[in-house]
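# Secondary and tertiary structure notes
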Amino acid sequence: MSAYNPAQISQISHQFQIYGDLQHVAPCKIGHINETYFATYEQGGTTVRYVHQKLNTEVFKDPNAVMNNIDRASRHQRRKLEAKGIKDVSRRVLTVIPTRNGKLFHQSTDGTCWRTFVLVEGVKSYESVTSLDHAYEAGKAFGDFQQSLADITGPRFADTIPHFHNTRRRFDALLAAIKADPCKRVSQAEPEIRFALEHEKMVDVILKEMAKGRIPERITHNDTKFNNVMLDETTQKAMCVVDLDTVMPGCALYDFGDMVRTTTSPTLEDERDLSKVEMQMPLFKKLCRGYLEAAGPMLNRHERALVAFSGKLMSLTIGLRFLTDFINGDIYFRVHRPGHNLDRARTQIRLVQSIERHEPAMQKYADSI
Ligand code: GN1
Ligand code: MG
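All figures in this text were calculated on a predicted structure; none of them were measured in a lab.

Near ligand 1 there are 16 residues, and of these H32, K225, D243, E269 and Y332 occur at the shortest range. In the model, an oxygen atom of ligand 1 is placed 2.6 Å from a nitrogen or oxygen of the K225 side chain. In this structure, E269 approaches ligand 1 through a side-chain N or O atom, which is 2.7 Å from an oxygen atom. Protein burial of ligand 1: of its 450 Å² of free accessible surface, 96% is covered by the chains. At 3 residues, helix α11 (residues 307–328) tops the list of elements feeding residues into the shell around ligand 1. Split by residue class, the shell around ligand 1 holds 8 nonpolar, 2 polar and 6 charged.

Quick look at the structure:
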């Protein structure tokens, strides 16, 4: 994360439709890509809080497309919640605060792009699940999210990162990194590279189903990590999902698979004690139930048949990305220690191995719902 600059945040805050006085700013350490700040304002005698975020434009090259997708998706959800008479809508959906000249983001003179959201109060996110209910809530939250966008009309959403979950391309990017070996790190990752190469046959399975038209494109979240679910501090029920930068056309199974990756082992993404990393059936069952209760009715039989496989595929896909970034010299994911991306890749590989052992039981359970 680049150095936190309070004067810069103060200057940025004046660009948005916020009419309070900035009191305090705290950097948020969650997330590998963007920079996030929680800002407290005194506004009309009340304390209010907002999220200011610097968008990583190396990763999101078209901030307009990102913000239009986010705004469109969240407005659609807001309209539906309002129609249902829900009273706390701004805790259940993201609210974009426009700039003072009505734009969805502010481009600074130094070229950086900033956006602002209402900070949802009384919610908490977790880096790993701590209860069975957490897994259920995650499945339900992202299932509801997908379901709520299924009836959106109008033009196709923009691809904010083209080919984002295309595992074939991720695999080929790894091969290119191995070949170039720009930081002479390949020799440190031989077992992980061998594992990836041995699993090549997995990478085209969903792509082929989509190419044949058996699995449809849907509007999906594409970053369904457990820490993107905001849970009410008191009830521990999911209130909303955040991090909508990659909301775009995708595959429902990629979302579910990434939930399996991040909620079925109660460990951190970079856990170094691999003996702790294990896909746990009770967590999977809760996750699967939560997800299928919400999104199950819209899925077709081809999607449903690959529910367990998707967990294995997404763990592999993200593992390939961490491994590639390690070899390339940590240029994409923010790292906090040497070898961090390699540690992350190892936990993903461990999860793939664990899911391989449980896959028939996982699918059998999904088929029973
Ligand atoms: C990145 O920054 P964060 O944590 O929201 C990444 C996801 C990965 C995730 C792995 C745009 O998300 O795809 O699954 O790290 N986001 C992007 O933790 O690449
Ligand atoms: Mg993200």
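Here the narrative resumes.
Parsing the chain into structural domains produces domain 1 (6–121) and domain 2 (132–368). For domain 1 and domain 2, the distance between their C-alpha centroids amounts to 26 Å. On the domain 2 side, the residues contacting the 25 residues of domain 1 number 31 residues. Taking both partners together, domain 1 and domain 2 bury about 2,400 Å²; carbon and sulfur atoms supply 55% of that area. Interface area lost by domain 1 to domain 2 is led by H32, N69 and R72, which between them contribute 29%. At the junction of domain 1 and domain 2, the tally comes to 3 salt bridges.

Where strand β2 (residues 35–43) and strand β3 (residues 46–55) come together, 9 bridges link them in antiparallel fashion. For E35, the partnering residue across the bridge sits in β3 and is K54. The hairpin turn running from β2 into β3, its antiparallel successor, is 2 residues long, and G44 in that turn takes a positive phi close to 60°. Relative to strand β6 (residues 113–118), β3 runs antiparallel, the two sharing 6 bridges. Considered in β6, the bridge of V51 is made with F117.

It is worth spelling out the packing of helix α8 (residues 252–263) against α11 at this point. Here α8 crosses α11 at 75°, and the two axes come no closer than 7 Å. One finds that α8 runs roughly perpendicular with respect to α11. Listed contacts from α11 to L253, Y254, F256, G257, D258, V260 and R261 of α8 are V307, S310, G311, L313, M314, S315, I318 and F322. Here the contact of α8 with α11 is built from residues that sort into 9 nonpolar, 4 polar and 2 charged.

What counts and how
Residues numbered from 1 in each chain as written. Chains lettered and ligands numbered in written order. Predicted model: local features only at pLDDT ≥ 70, side-chain atom pairs only at ≥ 80, totals over all residues. Heavy atoms only, no water. Near = heavy atom within 4 Å. Polar contact = N/O pair within 3.5 Å; in protein donor to acceptor, adjacent residues only side chain to side chain. Areas by Shrake-Rupley, 256 points an atom, 1.4 Å probe, with all protein chains shown as cover. Helix = DSSP H or I, 4+ residues; strand = E, 2+ residues; numbered from the N terminus. Nonpolar A, V, L, I, M, F, W, Y, C, P; charged D, E, K, R; others polar. Domains from an automatic or database assignment. Contact = heavy atoms within 4.5 Å. Buried area = accessible area lost by both parts, 1.4 Å probe. Salt bridge = Lys/Arg side-chain N within 4 Å of Asp/Glu carboxyl O. Pairing = 2+ DSSP bridges. Axes fitted to C-alpha atoms, helices over the stretch in contact; angles between N-to-C directions. Parallel < 35°, antiparallel > 145°, perpendicular 65-115°, else oblique.

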